[in-house]
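Coordinate analysis (summary)
The primary structure of each chain is shown beneath.
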Amino acid sequence: MKRLLRLVISTAATVTIISSSNAADAFPVTIHVDAAKTQGELKPIWRFFGADEPNYAYMAHGKKLLAELGELRPKQVYFRTHNLLTSGDGTPALKWGSTGAYNEDIGGNPVYDWTILDRIFDTYLERGVRPYAQIGFMPKGLSIKPEPYQHHWTPRARYDEIYTGWAYPPKDYAKWAELVFQWTKHCVEKYGRAEVESWYWEVWNEPNIGYWRGTPEEFRKLHDYAIDAVRRALPTARVGGADTAGSGGRFTREFIEHCLRGTNYATGRIGTPLDFLSFHAKGAPVTTNGYVRMGIANQLRTIDDGFRIVASFPELRNTPIVIGECDPEGCAACQGPQLAYRNGAMYSSYTAASFARIHDLAERRGVNLEGALTWAFEFEDQPYFAGFRSLASNGIDKPVLNVFRMFARMTGQRLAVESNGEVSFEEMLRSGVRNKPDVSVLASLDRNKLSLLVWHYHDDDMPGADAEVKLTIDGLPLKSGEARVQNFRIDEDHSNAFSAWKRMGSPQQPTPEQYAHLERAGRLATLGASEGVGVEGGKAAVKFSLPRQAVCLMELTW
C-alpha cells in the first residue's frame, strides 16, 4: 500500500513525520544524538567502486554512471577494475575485459599499446573519478600457460571456469616489470605527475585463491617486481596490497612480513613499499522458506579479522586500509534466488547498516580505515533489472546508489549516538540481524549542518512493522531559534526505480516517456518540503515512521 506522508510541527521543538501505513503494528524506537560529543572526522570511506569488466566504463551507460559517481565528490572517487593488462581487443563479456596493452613481435620483443587503457582512464578522469589501478592480469604473451586464455563464462557455469591463462605467473619477470614500468611512465607523461601521485596502485586480485595460479612466494615475487617498476617510474606513487579474498589469514600475514622485513625479489634490499593495505570482505545471503536471508555477520566478521591482522603489526598502526571489495556477497555477475535483494531497498538498508558498523570496527581495533570499495557498477546489453549486483540497470539508477548519494551529503565530525532499537555489536558479529530489526543512526556535524542517516534493517527480506522513531538531539551549536529540516528517503515509494518499473508492468522495452519517468524515480527523493523545527537550549526532537528496509537522511541546517 502506498504510504501517505505529511510533515507537521507538533511542538516548538519537535517535527513529526506521520506515516499512515503499518501504524497499528509499529514499534517504538528512541534515538539520541549528542551534537557536542564528536568522535573525529567522518571519513568518506564510501567513495570507492569497482567491477570485473573494464570496458563497460566507456560505453554509453558506463559513462553515464561514472559521471554520477564523480558528482558524489569530484576527484575523490576511485574506481578499481580487473583485466587492465589482459590480452584482447576490448570486447567485454561477463567477468571479462581486455586492453591488448602487451604483445610481442616475431623476435619476442615487447610491443606496447596503451589505446584502450587510455580510453578507460580518460573516461574516469573526465568524469571526476580517479583510478585505483590494479596491475593485472597476465598478458597472453607473458603467461607461462597461455592456453586456454579467454574464458566464456556464464552465470550458469562453475565459477572456477574463469581461471584461464591470464591467471598464471609470467615466463619472464623482467618483461613483466618492464611492462609495468612503461605503463606507469606513460601515465605520468600523459596525465602529469601530480595526478598520478593521487592514484592507488596494487598488484592482482585475490591472489590467495584461484585468481593466482602460482604459489604465495611467486605472488610476492610478482608483486615486488611490479611495485618496484611503478616506483622507478614514479618514486612518489601510492602502492599497496594485497587485495586478498577475505582477510587473507596466513597469506596476508606472510605478505606483510615480507613487505616489512623480507628480501625484495626485484631489488635485493630489505622490504617492499606498503603505503596502504587492502583485503576483501563479503556477506553470505541464502534463501530460506522462500525468502532471502542476508549474511551481514559474515562480512563484518571478515572485516574485523582483517583489522585484527593489521593491528597486530605495530608499525602499521597508521597505515591506511582500503577494503578493496566490500559487498553483501561475492559475485556481481552471478544470478540466483539468494541474490534477489539486489534491485530493491534491501540492498540500500544493508549498505547503510554495514558501513556504519565498519566505522565502529575500525575504531575498536584502532586502525586507520580509508575506504570500503563497493564492487558494483553496471552491465551492458542485459535485460532491465536482471538480478546482477550493480548500481544501475540500462542507465536507470537502483535504490542502492541513493545510499551513496546520502553518504556524500554527510561531512564534518562524526557524533556520538545511542539507539534502543539497534542490534548490539556482539550479536551482529555473532549472528547478524535475525531477531529484532536494527534501527540506528550515523550522525555528523559540519558547522551549521547536522546530518542524520537512519536505517531500519533486517537480514530477512520479509514484510515487517514500521519503526516509530523518536530522535532527540542536544548539544546543538544553535542554542535557540529555528532550524530547517529536510528529509530524504529510500523505500518502496521513494528513490526506487525498481518499484516504479514493476508498477509499469516490468517493461523490457520502455517507451521514451517511461524511461524518463524511471530516470526520475531513480534519483534521491525528498519526503515533502523542508520544515522548521524549534531549538531550545541547544535541543530539538524529530518523530517519524520508518518502514522496514528503508533509509532516511535528515539534514538540519540553521
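This text follows the structure it describes.
Residues numbered from 1 in each chain as written. Predicted model: local features only at pLDDT ≥ 70, side-chain atom pairs only at ≥ 80, totals over all residues. Heavy atoms only, no water.

A few words on the layout of surface pockets. Its volume calculated, the second largest pocket comes out at about 300 Å³. Taken together, 17 residues line the second largest pocket, and the ones lying closest to its centre are R357, D360, R414, V417 and E422. Contributions of two or more residues to the lining of the second largest pocket are made by α8 (345-365), β18 (413-419) and β19 (438-446). The element that contributes the greatest number of residues to the lining of the second largest pocket is α8, accounting for five residues. Counted by class, the lining of the second largest pocket contains eight nonpolar, three polar and six charged residues. (1 Å grid on protein atoms, 1.4 Å probe; cavity = no way out; pocket = protein on both sides within 12 Å on 5 of 7 lines; lining within 4 Å. Points joined across faces, edges and corners; volume = space filled by probe spheres on them. Helix = DSSP H or I, 4+ residues; strand = E, 2+ residues; numbered from the N terminus. Nonpolar A, V, L, I, M, F, W, Y, C, P; charged D, E, K, R; others polar.)

Turning to the pattern of salt bridges, a few remarks are in order. Counting across every chain of the model gives 45 salt bridges. A salt bridge links R523 to E68; the nearest nitrogen and oxygen atoms lie 2.9 Å apart. One end of the pair, R523, is in the loop between α12 (512-521) and β23 (525-526); the other, E68, is in helix α1 (residues 60-72), with 455 residues separating them in the sequence. We classify E68 as buried; its relative accessible area is 10%. For the salt bridge of R409 with E555, the shortest nitrogen-to-oxygen distance reads 2.6 Å. One end of the pair, R409, is in helix α9 (residues 399-409); the other, E555, is in strand β26 (residues 551-557), with 146 residues separating them in the sequence. Relative accessible area serves as the criterion here: at 33%, R409 is assigned to the partly exposed category. (Salt bridge = Lys/Arg side-chain N within 4 Å of Asp/Glu carboxyl O. Buried < 20%, exposed > 50% of the residue type's maximum accessible area, 1.4 Å probe, protein only.)

With respect to the helices and strands, R127 occurs in the loop between α2 (115-126) and β8 (129-135). Considering only alpha carbons, one finds R127 and P74, 53 residues apart in sequence, at a separation of 7.8 Å. Those residues in contact with R127 that sit more than four places away from it in its chain are K63, L66, A67 and G70. (Contact = heavy atoms within 4.5 Å.)

With 142 residues, the main nonpolar core has W176, W183, W201 and F307 as its most contacted residues. Among residues more than four places away in sequence, those in contact with F307 are F279, I321, I323, I358, L361, A362, R365, V367 and L369. Within the second largest apolar cluster, 30 residues are counted, among which are L445, L452, I473 and F544. (Core = buried A, V, L, I, M, F, W, Y, C linked by side-chain atoms within 4.5 Å.)

Glancing now at the state of the cysteines. In the structure shown here, the tally under the stated rule is one disulfide. Residue pairing for C331: its cysteine sulfur links by disulfide to C334, the two sulfurs lying 2.1 Å apart. Judged by the torsion about the S-S bond (80 degrees), the C331/C334 disulfide is right-handed. The burial state of C331 is the same as that of C334; both residues are buried. (Disulfide = S-S within 2.5 Å.)

Look at α2: 16 Å from first C-alpha to last across twelve residues, which is about the 16 Å you get at 1.5 Å a residue. When α2 is considered as a whole, its buried residues turn out to be I116, L117, D118, I120, F121, T123 and Y124. Close packing links the buried residues of α2 with α1, β5 (77-81), β8 and α3 (173-191). Following α2 by one or two positions, G128 has its phi on the positive side, about 80 degrees. (Expected span 1.5 Å × (residues − 1).)

So, about the packing of α8 against α9. At a closest axis distance of 7 Å, the pairing of α8 and α9 adopts a crossing angle of 35 degrees. Here α8 runs over α9; the crossing is right-handed. Residues A345, Y347, S348, T351, A352 and F355 of α8 form the contact with α9, whose own contacting residues are P399, V400, V403, F404 and F407. Its residues assigned to classes, the contact of α8 with α9 shows nine nonpolar, two polar and no charged. (Axes fitted to C-alpha atoms, helices over the stretch in contact; angles between N-to-C directions. Left-handed = near helix turned anticlockwise from the far one by under 90°.)

Our next topic: the pairing of β19. Of all nine residues making up β19, nine are buried, and the element is well covered by its neighbours. Where β18 meets β19, two bridges bridge the pair, whose relative direction is antiparallel. Residue pairing in the sheet places R414 in a bridge with S444 of β19. Of the pairings in the sheet, the one linking β19 to strand β20 (residues 449-457) comprises nine bridges and is antiparallel in character. Bridging across to β20, D446 finds its partner in K449. Two successive antiparallel strands, β19 and β20, enclose a turn made up of two residues, where R447 displays a positive phi of approximately 55 degrees. (Pairing = 2+ DSSP bridges.)

To describe a pair of aromatic rings, you give the distance between the ring centres and the angle between the ring planes. Evaluation of the coordinates by the stated rule reveals 43 aromatic pairs. Measuring from ring centre to ring centre gives 5.3 Å for F79 and Y124, while their planes differ by 50 degrees; the resulting arrangement is tilted. With F79 in strand β5 and Y124 in helix α2, this residue pair connects regions lying 45 residues apart in the sequence. The same class applies to F79 and to Y124, which are both buried. Aromatic side chains F385 and F498 sit 5.2 Å apart centroid to centroid with 50 degrees between the ring planes, which places their arrangement in the tilted category. With F385 in the loop between β15 (368-374) and β16 (392-393) and F498 in helix α11 (residues 497-503), the pair connects residues that are 113 residues apart, well separated along the chain. Pairwise contacts between aromatic rings join F137, Y159, Y163, W166, W176, W204, Y211, W212, F219, F251 and F255 into one cluster. One residue, K221, lies across the ring of Y173, its end atom 4.2 Å from the ring centre. A cation over a ring is seen here: R238 above Y200, with NZ or CZ 3.7 Å from the ring centre. (Phe/Tyr/Trp six-rings, centres within 6.5 Å; stacked < 30°, edge-to-face > 60°. Lys NZ or Arg CZ within 6 Å of the ring centre and 35° of its normal.)

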